[in-house]
Amino acid sequence: MDLSSINSSLLEELALTPMPRHIAVIMDGNGRWAKKNSLPRIQGHWEGVKAVDRTVSLCRKLDIEALTLYSFSDENWSRPPIEINTLMKILDHYLSKELERMKNENIRFHTIGQLEDLPPEIQKLIAHTIDYTKDCDGMTLTLALSYGGRQEILKSVQQIADKVRTGELRVEDIDYSVLEKFLQTKSLPDPDLLIRTSGEMRISNFLLYQIAYTELHYTKVLWPEFKEEDLLHAIIDFQKRERRFGMTQEQIIKS
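Quick caveat: nothing in here was measured; it's all calculated off a predicted structure.

Rules of the game
- Residues numbered from 1 in each chain as written.
- Predicted model: local features only at pLDDT ≥ 70, side-chain atom pairs only at ≥ 80, totals over all residues.
- Heavy atoms only, no water.
- Helix = DSSP H or I, 4+ residues; strand = E, 2+ residues; numbered from the N terminus.
- Rg over C-alpha atoms; globule rule 2.2 N^0.38 Å.
- Buried < 20%, exposed > 50% of the residue type's maximum accessible area, 1.4 Å probe, protein only.
- Areas by Shrake-Rupley, 256 points an atom, 1.4 Å probe, with all protein chains shown as cover.
- Lys, Arg positive; Asp, Glu negative; His and termini not counted.
- Charge placed at Lys NZ, Arg CZ, Asp CG, Glu CD.
- Expected span 1.5 Å × (residues − 1).
- Arc of directions from axis to C-beta.
- Pairing = 2+ DSSP bridges.
- Contact = heavy atoms within 4.5 Å.
- Axes fitted to C-alpha atoms, helices over the stretch in contact; angles between N-to-C directions.
- Core = buried A, V, L, I, M, F, W, Y, C linked by side-chain atoms within 4.5 Å.

1. Examining the overall build of the protein
When you go through the protein residue by residue, the secondary structure sums to nine helices and six strands. Taking 255 residues into account, the globule formula puts the C-alpha radius of gyration at 18 Å, and the protein, at 19 Å, falls close to it. Dimensions along the principal axes, computed over C-alpha positions, put the protein at roughly 55 × 55 × 35 Å. Taking all 255 residues of the protein together, the buried fraction comes to 47%. Approximately 13400 Å² of the protein is accessible, and the part contributed by carbon and sulfur atoms is 52%. When the 33 basic and 39 acidic side-chain charges of the protein are each reduced to a single mean position, those positions are 3 Å apart.

Structural data, given as structure tokens:
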């Protein structure tokens, strides 16, 4: 991997293992970045695309298996129309611009969320991008669009209830593995590391089921200013933690 542009001292801290298989990111701070720089709020969203490019590129170079970005929540529809229109334009621009790059860099594109809420032309572009990259297996890039964790769980429960109603599933057979098959992330490992930018310390209805044992990393860096070094700091922080999954330290050592 070519990491010649990265701070060498950080690379020395970065261990080969354990590396997170799946990194999830709550990209926060676009509006505050714009305000800080006396720019229109929508300019912050356009600037945030550059941080997406940096993050995707470095994750691919580090052989991260999956990267999930919280791009647009199901609650964001309450924002001013001009901002929503800008976010849709950015999504159109990004997918059109990055289509060949994803193919060339062996990145599979995936989405979670209520895609039916998006404009029809965006839905078509998403479907095309998913199909065009379906055979890529280097990294899965997932965008959460019109997504909410509670909504995802509720919909999964409704689908399971329907299977019980039609006799396709027995109540006594419902366990975690069954529930997980109905989640939109069923093809992905649970996130090992969740990063939130801008200093906010909450998860905002993101991947509520999936992050039960995820390591959380909060940074005050605004998303448009999130650089490769910031991602490395988060991964190094992750590597220093002891993940117990409910076990004692002694049990971890023995295993």
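Text resumes after the structure shown.
2. A few points about helix α6 (residues 149-165)
Spanning 17 residues, α6 covers 24 Å between terminal C-alpha atoms, matching the ideal 24 Å at 1.5 Å per step. Of all the positions in α6, only Gly149, Glu152, Ser156 and Ile160 are classed as buried. On an axial view of α6, the arc spanned by its buried residues comes to 70 degrees, and they lie on one face. Opposite the packed face of α6, turned more than 90 degrees from it, sit the exposed residues Arg150 and Arg165. In the segment just after α6, Gly167 is the residue with positive phi, at about 85 degrees.

3. With respect to the pairing of strand β1 (residues 22-26)
Of all five residues making up β1, five are buried, and the element is well covered by its neighbours. Covered by surrounding structure in β1 are His22, Ala24 and Ile26 together with Ile23 and Val25, the residues of both alternating faces. Both β1 and strand β2 (residues 66-73) contribute to a ladder of five bridges, which runs parallel. If you follow His22 over to β2, its bridge partner there is Ala66. Where β1 lies against strand β5 (residues 193-196), four bridges are found, and the strand directions are parallel. In the strand pairing of β5, Ala24 is matched with Leu194.

4. What to know about helix α8 (residues 228-239)
A rise of 1.5 Å per residue sets the reference length of α8, with its 12 residues, at 16 Å; its end C-alpha atoms lie 17 Å apart and thus fit the reference within 8%. Asp230, Leu231, Leu232, Ala234, Ile235, Ile236, Phe238 and Gln239 are the residues of α8 that are buried. In this structure, the buried side of α8 is in contact with α1 (8-13), β1, α3 (41-61), β5 and β6 (215-218).

5. Quick notes on the sheet that holds β5
Here we have six strands laid out as an open sheet, ordered β3-β4-β2-β1-β5-β6, and parallel in their pairing. The open sheet has two free edges, formed respectively by β3 (107-112) and β6, since each of these has just one partner strand. Sheet twist, expressed as the mean angle between neighbouring strand axes with direction ignored, is 20 degrees. Against the sheet, helix α4 (residues 81-104) engages β2, β3 and β4 (139-147), with an angle of about 165 degrees to β4.

6. So, the nonpolar core
Ranked by size, the top nonpolar core spans 46 residues in total, and within it Ile23, Leu67 and Leu141 carry the most contacts. Of the residues forming this core, the biggest block, eight residues, is contributed by α4. Other than its neighbours up to four places away in sequence, Ile23 contacts Cys59, Ile64, Ala66, Leu67, Thr68, Leu193, Ile195, Leu231 and Ile235. Core analysis: the second largest hydrophobic core is formed by 10 residues, Ala24, Ala144, Phe206 and Leu207 among them.

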